[in-house]
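# Coordinate analysis (summary)
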Amino acid sequence: METGTIFFYLFCGLAPLAIVAYFLATKKTFSVKFEGEKFQSTPGSYGWYAIVCTLSPALLASFLAAILHLTGTVEVPATALIATVIALAAGGLWIGIKTVKPSLKARSIVEQLIVKMLFAASMVSILTTIGIVLSVTFEAMKFFEVVSIWDFITGTTWNPDEAVAGKDVAGVFGSIPLFAGTFMITAIAMVVAVPVGLFSAICMAEYASPTFRKIAKPSLEILAGIPTVVYGFFAAITVSPMIVNAAEYFGLQADFTNALSPGLVMGVMIIPLISSLSDDVITSVPNALREGSLAMGAYRSETIKTVVLPAALPGIVSAFLLAVSRAVGETMIVVMAAGLRANLTMNPLEGMTTVTVRIVDAFTGDQAFDSPETLSAFGLGLVLLVVTLVLNVISLVVIRKFRQQYE
Amino acid sequence: MSFTIDKKVMKRRARRDMRFKMYSYTAIFMAGAFLVFFFADIIGTAASAFKQAELRVAVNYNEDAKEMGEYALDEDLSYLVSRGFTRLIPGKMRENRALIGTTIEKWVLADAEVDQYLKSKPNRLKKGERTLVDGLKAEGNARLAFNIGFFENGDSKLPEMAGIWAAAVGSMYVLMITLIFSFPLGVATAIYLEEFAPDNWLMQAIEVNINNLAAIPSILFGLLGLSIFINFLGVPRSSALAGGLTLSLMTLPVIIISTRAAILAIPDSIREGALALGATRWQVVITNVLPLSLPGILTGTIIGLARAIGETAPLMIIGMMAYIPEAPDGFTSAATVLPAQIYTWSSDSLRAFTERTSAAILVLLGVMLLMNGVAIFMRNKYEVKW
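Since the structure is predicted, the reported quantities are computational estimates derived from the model, not experimental observations.

This next bit is on helix 7 (residues 210–225) of chain A. Taking 1.5 Å as the rise per residue, helix 7 of chain A with 16 residues should run 22 Å; its terminal C-alpha atoms sit 23 Å apart, in good agreement. Buried residues of helix 7 of chain A: Ala216, Leu220 and Leu223 of chain A, and no others. Buried positions in helix 7 of chain A, seen along its axis, are confined to an arc of 40° and lie on one side of it. Turned more than 90 degrees away from the buried face of helix 7 of chain A sit Pro210, Thr211, Lys214 and Ile215 of chain A, all of them exposed. Close packing links the buried residues of helix 7 of chain A with helix 6 (176–207), helix 8 (228–249) and helix 9 (260–283) of chain A together with helix 1 (7–47) of chain B.

This is the structure:
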């Protein structure tokens, strides 16, 4: 039986039982047997209590069966599973109804369970992080069994096409060109994003009238909302030819997959990130600092340069780090506009490739899942994870320090 | 004590001050100019995709056409008509035998190259074909009609037949799964953290973790989806379910952060009032906190979903990039999504796909803008200011 059908049968069995449980339990609280006695909770609470009694053993059993199925230890036949689960539910229902009595604190039992469920939900985000770390590390380990970490970190040629099964893979997976490409494109993006973003933030926090701010801020946010695949298309179709033409005009040779165009477009994408975070920190610099400086006869710009920006520096640094982390992990723009060929160069007009491009390429090809090239993607993913994690955590710590100082 | 004011220095300072102010405005205007240029560029390339060339031809359902649809048309014209039309002719004749032997004059889809030629764009038509098309146009037998197929068809190898319907349906399925999983989990997490969580190291870890999760590159979520959902849990590859689950993990932090902000904005006096009337903590949450923070929660959810609908990289890893011409008929069948469709078209070398890519982008941006507009509208209308 298919998983979907099993779910359907279970639902059809359990839902009516739960409803029956609710009504039987509430009805019992009105029965003559308890005439004159005072119930601890409202009738509805007993109904919910009965539902909990009905469903919890049944769901627990199905969950166990699912785990057994996934780990492959025991294959539980579908009909047996459905029968057992529904029998368990019926048993739970019976016990639930039996235990309904005035002294039972149904409400607190149900509410404690709710809080536990809320707690479980909040663990999902932790599990996600753990899941990412484990899945990437685990597969990366397999990769590093085949390729030595040293070769991976220090090698200067990346040519996974030569890594056919059975052949020696030494010297094929050298990731330096990928890091160089990532670094180059990130640096170009930062050269665009930091000045524009920072000056936009200064303008909005220090100079702009409320009406101007009201228009400018959401307009900048639109830049952040545009999907990256759209930026990628724009970089590849519009910006790249422009750069090639411009380079030709100056007598230079530029590839259509040059590193400059994804870098520039990525910089534009990151502007709102830097500007909104910097705007927040600049506005939270206390006015007393500004007024002190202005009272000493400093111009507005002098106040900003010598008082406000130094005070806001931790926040700005934190924004910068987050932006770098964003740029390093950005995928679609580079996949569409940057090259595929690993190329170790200092010339941004040549095609370069990045870590993320190679990850995507490894999965969209037709290699087997355990081929060295696919596994190499996990190795690269691990590097990406570590770098962005470190950047994010430093940025979080820095901004927290800043907030403690001024708020 | 006396001051001597150096006029030169003062002037220089004033100039520098003006310059600085100018720089800051320039920065904003540069970003704005980019935005205008960007939209003008996309709309400019997309505009022509909403029109599609059609030719009025006599379709002669003769005996030969039963085998090869091309024989139903005049030989010269058959190269100008879309193969998507001619290849269906034999099937149509088998279905409707009354057609055989008749000749019907009708508007049919033109080949993509004819389409590009009529739109005066670069094309690969030969000289003779060009004069033929010019002649048809002069006789009123060639026209640019509204491109309804773009919204009704799935992907196709023929540009003139390719549409966004399959991808749009796929996006809808993925979004539904994302909503089903991320909304309850996100709201539950936020409620727990704001209303019930004790102040201990575990909770601080969760807080740091959520902020961190929001900044992890999306492609790593794709790796997670591949190894956990597909390889471990056995969710079918390139299905809407796999994509939706992956995206819901990405959307989770957005929903949590906005829900927490909405819950935090509710003054404690509301909670204390309810508690004083004998409500339990959970009753306070369900009867007061949740209803009051609902506008904020929904706003955050819509914004999170608007981000999810434009996400591509993790879905590429999961295999939603394949050529999938049919709209998915369930959560576990192979599906593609709008941004993935944009990506596949953009990497196609045929010129006619470029305008379709732009048009698909316009549709995607329109949907996202609409979602964000609804979110802002809801925030302004229903949000309670305390």
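This part is about the domain arrangement of chain A. We note that the domain assignment places domain 1 (3–130) and domain 2 (176–406) within chain A. Here domain 1 of chain A and domain 2 of chain A have C-alpha centroids that lie 50 Å from each other.

Turning our eyes to something else, we now look at the pattern of salt bridges. Residues and elements named next belong to chain B. With the rule as written, the count across this model stands at 18 salt bridges over all chains. One salt bridge connects glutamate 355 with lysine 119, and the closest N-O pair in it is separated by 2.8 Å. Separated by 236 residues along the polypeptide, glutamate 355 in helix 16 (residues 351–382) and lysine 119 in the loop between helix 5 (112–118) and helix 6 (127–138) bring together distant segments of the chain. In terms of burial, glutamate 355 and lysine 119 fall into one category: buried.

Residues and elements named next belong to chain A. Within the largest apolar cluster, 136 residues are counted, with the highest numbers of intra-cluster contacts made by Met266, Ile270 and Ile359. A per-element tally of this core places helix 6 first, with eleven residues. Ignoring any residue separated from it by four or fewer positions in sequence, one finds isoleucine 270 in contact with Met190, Ala193, Ala323 and Ala327.

Contact with chain B, which involves 74 residues of that partner, is made by 76 residues of chain A. Taken together, the two surfaces of chain B and chain A that pack against each other cover about 6,700 Å², and 78% of this comes from carbon and sulfur. Our enumeration of links across chain B and chain A arrives at one salt bridge. When the shortest N-O distance is used, the salt bridge between arginine 13 of chain B and glutamate 302 of chain A registers 2.7 Å. In this structure, the connection of chain B to chain A is made through twelve residue pairs in polar contact (both at pLDDT 80 or more). For the side of chain B that touches chain A, the leading source of residues is helix 1 of chain B, giving 22 residues. Per-class residue counts for the side of chain B that touches chain A are 52 nonpolar, 16 polar and six charged.

What counts, and where the lines are drawn
- Residues numbered from 1 in each chain as written.
- Chains lettered and ligands numbered in written order.
- Predicted model: local features only at pLDDT ≥ 70, side-chain atom pairs only at ≥ 80, totals over all residues.
- Heavy atoms only, no water.
- Helix = DSSP H or I, 4+ residues; strand = E, 2+ residues; numbered from the N terminus.
- Expected span 1.5 Å × (residues − 1).
- Buried < 20%, exposed > 50% of the residue type's maximum accessible area, 1.4 Å probe, protein only.
- Arc of directions from axis to C-beta.
- Contact = heavy atoms within 4.5 Å.
- Domains from an automatic or database assignment.
- Salt bridge = Lys/Arg side-chain N within 4 Å of Asp/Glu carboxyl O.
- Core = buried A, V, L, I, M, F, W, Y, C linked by side-chain atoms within 4.5 Å.
- Buried area = accessible area lost by both parts, 1.4 Å probe.
- Polar contact = N/O pair within 3.5 Å; in protein donor to acceptor, adjacent residues only side chain to side chain.
- Nonpolar A, V, L, I, M, F, W, Y, C, P; charged D, E, K, R; others polar.

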